[in-house]
Amino acid sequence: MDATTHGPLAADVLTRDDVRRAFQEHDFAAAFTLIKKWGGLSQNRIASACQLTPGKVSTVIKGQHQITSIEVIRRIADGLRIPGALLGLAPRPWEITPPEPRPADAPGERQPADDVPWRRDATVALAGRLTRSDLVMDRRGASRALAAAAVTGTALLDPLEAWRQPAAASSRARRVGRLGARDVEQLEQTAQAFRRWDHQHGGGLRRKAVLGQLAEVAAALNEHQTGAVESRLYRVMAHLSGTAATMAWDTGHQRRAQDYYRLALRSAHAAEDLVFGANVLAGMARQMLYRQQPQDALELVRLAQEGSRRVAGPRVRAMLHTREGWALAAMGRTAAFRRATAQAREALAESAASDDEPYWIAYFDEAELAGVTGGRLLDLARQDRDRAEGAAAHIHQALDRRGPEAARSHALDRIGLAECHFLAGDITVAVQETHRAADAVTQTASARVRDQLGELYSYTVGHGKAHAVRDVRDRLRDLLANR
């Protein structure tokens, strides 16, 4: 049996977030129930595949038995063809196949050996490969992309050092391009519209549209444009790539998000836009923080700060300080977190006298700072519940000032506030805020938001006699099951 042998489940079942979460949490009662629902397997079929008795599967589904044996978990992985990584196991023997020859136009998982310093033509070629691959990706390819893990450590950080080196010249012959200033202006407006939509709603519903526009820009850069047009086109490509990265991450495609973040950074580098490059690195840092890699995140933020120190405006500096503080808080460095947060507050105060900052940082205001600070205090409150009240106060400020127009941020604030009240032991208010959080979640397509809602679900467990808690737990379960 090898990786080409099909298992009993359709490929799209394992791409569902509720199924993946159940396996990752070893919640086999939920996993078997979801497999019956979405995979169409009977209890007898599940039992046969996993070398269990039908009675054992029945007791697991009813919550009367928990599977904890690694040997049984391995049988489940092999019988249902669940990738080992989903269950916290090493890759199963059937996952390992001889490597196939790498197609010439496969998505760039690595940089060409001679591409240091970065070349503009190599950046355009990377954009073409990525967009071609994604725009024609079938269901099986999407499943593989979803399962690909994010790169961390040296493999992530070392190639990014080229961001601080001047771009290498390219002498390749190109067709004469015919784009004018008006054409580029329309592309810039489109990139802004996509970015604005993503900030408001989240999710990947318009991701193919972004990729199509990105492919068009890459094609235009394959032609010989005037210097001014070319520079603006690289900046548009950076903005579109950054939006594509956020959308990929928001739908669970961690590795592909990194591919587009890298393209965004290279494009900003080609446009000599150090400030947007710093913003891209901050986005990569945020992804690492969600992946529980605070040291990598801190390295990325420091790289951004060093590269943009002389050109970044106060809002960008404030945002970078909050990412720095986030990493420090995750590392347990409370005093350093407070210092970074104070620096963010000081920098943001300077922005009142500055009207020359790019449109894409306008979101970072007092409401955003309050929300980010509240979120980091909530991280600390999970270790020390006495901090929950302070976290809730900051999140309240964010909610009061931001409102629901930024649906993804609003939903994350609501979820965080509900968790604060659970940590503080105020179950009545926690239940009320959880209902409000559930209302907010329905207004966004962000898988990241629903992942956070899944974390909130755990707080509703263990209050079986409380009718209100049971009701909100059932509501969360329905939301999470119908993703």
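Residues numbered from 1 in each chain as written. Predicted model: local features only at pLDDT ≥ 70, side-chain atom pairs only at ≥ 80, totals over all residues. Heavy atoms only, no water.

1. Regarding the side chain of Glu433
This is how it is decided: In this description a helix means any DSSP run of H or I spanning at least four residues, a strand means any run of E spanning at least two, and both kinds are numbered starting from the N terminus. For every residue, the accessible area (1.4 Å probe, protein chains only) is compared with the maximum for its type, and the residue is labelled buried under 20%, exposed over 50%, or partly exposed between those bounds. Contacts were defined at the residue level, with two residues in contact if any of their heavy atoms lie within 4.5 Å.
With respect to the helices, strands and loops of the structure, Glu433 is situated in helix α20 (residues 427-441). Looking at Glu433, the relative accessible area reads 6%, which means it is buried. Discounting chain neighbours no more than four positions away, the residues touching Glu433 are Arg414, Leu417, Ala418 and His421.

2. Looking at the pattern of salt bridges
Operational definition: Whenever a carboxyl oxygen of Asp or Glu lies within 4 Å of a side-chain nitrogen of Lys or Arg, that contact is scored as a salt bridge.
According to the stated counting rule, one finds 28 salt bridges in the structure shown. Here Glu419 ties to Arg382 by a salt bridge, and the two come within 2.7 Å at their closest N and O atoms. With Glu419 in helix α19 (residues 407-424) and Arg382 in the loop between α17 (366-381) and α18 (388-402), this residue pair connects regions lying 37 residues apart in the sequence. Residue classification places Glu419 among the buried positions, given a relative accessible area of 7%. On the basis of relative accessible area, Arg382 is assigned to the partly exposed category, the value being 37%. Residue Asp439 pairs with Arg475 through a salt bridge whose shortest N-O separation is 2.4 Å. On the criterion of sequence distance, the pair formed by Asp439 in helix α20 and Arg475 in helix α22 (residues 467-481) is long-range, its members being 36 residues apart. The class for Asp439 is partly exposed, based on a relative accessible area of 40%. We classify Arg475 as partly exposed; its relative accessible area is 28%. In the salt-bridge network here, residues are joined through shared partners; they are Asp134, Arg207, Arg256 and Asp259.

3. Here we look at the nonpolar core
Cut-off, in case you're wondering: Grouping buried Ala, Val, Leu, Ile, Met, Phe, Trp, Tyr and Cys residues that are joined through side-chain atoms within 4.5 Å yields what is termed a nonpolar core.
Of all hydrophobic cores here, the largest spans 108 residues; its most connected members are Met237, Leu281 and Leu300. When residues no more than four places from it in sequence are discounted, the contact partners of Met237 are Thr123, Val124, Ala127, Leu214, Val217, Ala218, Leu221 and Ser267. Within the second largest apolar cluster, 29 residues are counted, among which are Leu14, Val72, Leu80 and Leu87.

4. Description of the packing of α19 against α20
The condition is simple: Every axis corresponds to a line fitted to the C-alpha atoms, with the helix fit spanning only the stretch in contact, and the corresponding angles, defined between N-to-C directions, vary from 0 to 180 degrees. Should an angle fall under 35 degrees it is called roughly parallel, over 145 degrees roughly antiparallel, and 65 to 115 degrees roughly perpendicular, with every other angle called oblique. The crossing is said to be left-handed when, going from far helix to near helix, the turn is anticlockwise and less than a right angle, and right-handed when the turn is clockwise.
α20 packs onto α19 with a crossing angle of 165° between their chain directions and a minimal axis gap of 8 Å. As summarised for this structure, α19 and α20 are arranged roughly antiparallel, according to the angle between their axes. For the element pair α19 and α20, the recorded crossing hand is left-handed. Between α19, through His410, Ala411, Arg414, Ile415, Leu417, Ala418, His421 and Phe422, and α20, the contact on the second element is made entirely by Ile427, Val429, Ala430, Glu433, Thr434, Arg436, Ala437, Ala440 and Val441.

5. Here we look at the environment of Ala162
The topology assignment puts Ala162 in the loop between α8 (154-157) and α9 (181-201). Assessed through its relative accessible area of 5%, Ala162 is described here as buried. Beyond its immediate chain neighbours, meaning those up to four positions away, Ala162 contacts Trp118 and His269.

6. A look at the confidence of the model for the protein
Any region with low pLDDT has predicted coordinates that should not be read closely. Note the following rule: pLDDT expresses, on a scale from 0 to 100, how confident the predictor is about each individual residue.
When pLDDT is averaged across the protein, the result is 85; 88% of the residues are at 70 or more. Counted against residues more than four places away or in other chains, residues 97-114, with its pLDDT under 50, gives 28 contacts.

7. Let's talk about the packing of aromatic side chains
The line we're drawing: To pair, rings of Phe, Tyr and Trp, with the six-membered ring standing in for Trp, must have centres within 6.5 Å; the planes then decide the type, stacked if under 30 degrees apart, edge-to-face if over 60, and tilted in the middle. Here, a charge over a ring is recorded when the distance from Lys NZ or Arg CZ to the ring centre is within 6 Å and its angle to the ring normal is within 35 degrees.
Under the definition given, this model contains seven aromatic pairs. Measuring from centroid to centroid gives 5.6 Å for Phe422 and Tyr459, while their planes differ by 20°, and the two rings are stacked. With a gap of 37 residues between them, Phe422 in helix α19 and Tyr459 in the loop between α21 (447-457) and α22 connect regions that are remote in the sequence. Taking NZ or CZ as reference, Arg16 lies 3.8 Å from the ring centre of Trp38, over its face. Of note, Arg376 hangs over the ring of Trp326, and the distance from its end group to the ring centre comes to 3.7 Å.

8. Some remarks on helix α14 (residues 294-308)
Inclusion rule: Under the convention used throughout, the expected extent of a helix is 1.5 Å for every residue step, that is, one less than its residue count.
Given a rise of 1.5 Å per residue, 15 residues ought to cover 21 Å, and the 21 Å separating the end C-alpha atoms of α14 matches this to within 8%. Counting buried positions along α14 gives eleven out of 15 residues, so the element sits mostly inside the fold. For α14, the complete set of buried residues consists of Pro294, Asp296, Ala297, Leu298, Leu300, Val301, Leu303, Ala304, Gln305, Gly307 and Ser308. Elements that come into contact with the buried residues of α14 comprise α8, α13 (274-290) and α15 (314-330).

9. As for the environment of Lys37
Locating Lys37 in the fold gives a position in helix α2 (residues 28-39). A residue is classified by how much of its surface remains accessible, and Lys37, at 46% relative accessible area, is partly exposed.

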